[in-house]
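# An overview of the molecular structure
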Amino acid sequence: MLLAPAAGNDTQLTEWITTVRTADLPHLHSFCNGLELDRAAVNAGLTLPWSNGRTEGVNTSTKKITRQMHGRAGFDLRHRIPLQ
C-alpha cells in the first residue's frame, strides 16, 4: 500500500532547524548539522511513499538470531529465519 507523499514535511523540517539554531541547545545544533549534511536523503525519507522498514526489520532479526547462536556448532541458520 502506497501512501501519498507529505510535501509539507520538508518545509516543516526547515522551519524546525531554523528554530533550533536560534535556541541555546548545542546538542541539537550538532544534530541539525548532521541533517543538513545529507539533506537530500532526509527530504526523500520525509516526502517519498517508500520505506525500507521491513527489510531493516528482517536484518535486525537475523543479527539477533546470529548473536544468540554464537558459539553453537552445527545449527543451521536457515531454520531460524522465517522467509516470507
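Here's what I pulled together on the structure shown here.

Calculation criteria
- Residues numbered from 1 in each chain as written.
- Predicted model: local features only at pLDDT ≥ 70, side-chain atom pairs only at ≥ 80, totals over all residues.
- Heavy atoms only, no water.
- Helix = DSSP H or I, 4+ residues; strand = E, 2+ residues; numbered from the N terminus.
- Buried < 20%, exposed > 50% of the residue type's maximum accessible area, 1.4 Å probe, protein only.
- Phe/Tyr/Trp six-rings, centres within 6.5 Å; stacked < 30°, edge-to-face > 60°.
- Expected span 1.5 Å × (residues − 1).
- Arc of directions from axis to C-beta.
- Contact = heavy atoms within 4.5 Å.
- Patch = residues over 30% accessible without salt bridge, like charges linked within 9 Å, V, L, I, M, F, W, Y side chains within 5 Å.
- Areas by Shrake-Rupley, 256 points an atom, 1.4 Å probe, with all protein chains shown as cover.
- Salt bridge = Lys/Arg side-chain N within 4 Å of Asp/Glu carboxyl O.

On to the side chain of T47, then. Relative to the helices and strands, T47 resides in helix α3 (residues 39-47). By relative accessible area, which is 17% here, T47 ends up buried.

With that settled, the discussion passes to the packing of aromatic side chains. This structure, assessed with the given rule, holds 1 aromatic pair. Here W16 and F31 contribute two aromatic rings whose centre-to-centre distance is 6.2 Å and whose plane-to-plane angle is 80°, an arrangement assigned as edge-to-face. Pair noted here: W16 is in helix α1 (residues 9-22) and F31 is in helix α2 (residues 26-37), with a separation of 15 residues, a long-range link. Judged by relative accessible area, F31 falls into the partly exposed class, the value being 46%.

The subject of this paragraph is α1. Look at α1: 20 Å from first C-alpha to last across 14 residues, which is about the 20 Å you get at 1.5 Å a residue. Within α1, burial applies to L13, I17 and V20. Down the axis of α1, the smallest arc covering the buried residues is 65°, so these residues share one side. Of the residues in α1, the exposed ones pointing more than 90 degrees away from the buried face are Q12, E15, T19 and T22. Buried residues in α1 make contact with α2 and α3.

The next subject is a nonpolar patch on the surface. Among the surface-exposed residues, W16, L25, L28 and F31 lie close enough to one another that they form a single nonpolar patch of about 350 Å² accessible area. Looking at W16, the relative accessible area reads 35%, which means it is partly exposed.

Read these as layout, nothing more, since geometry by itself doesn't imply function.
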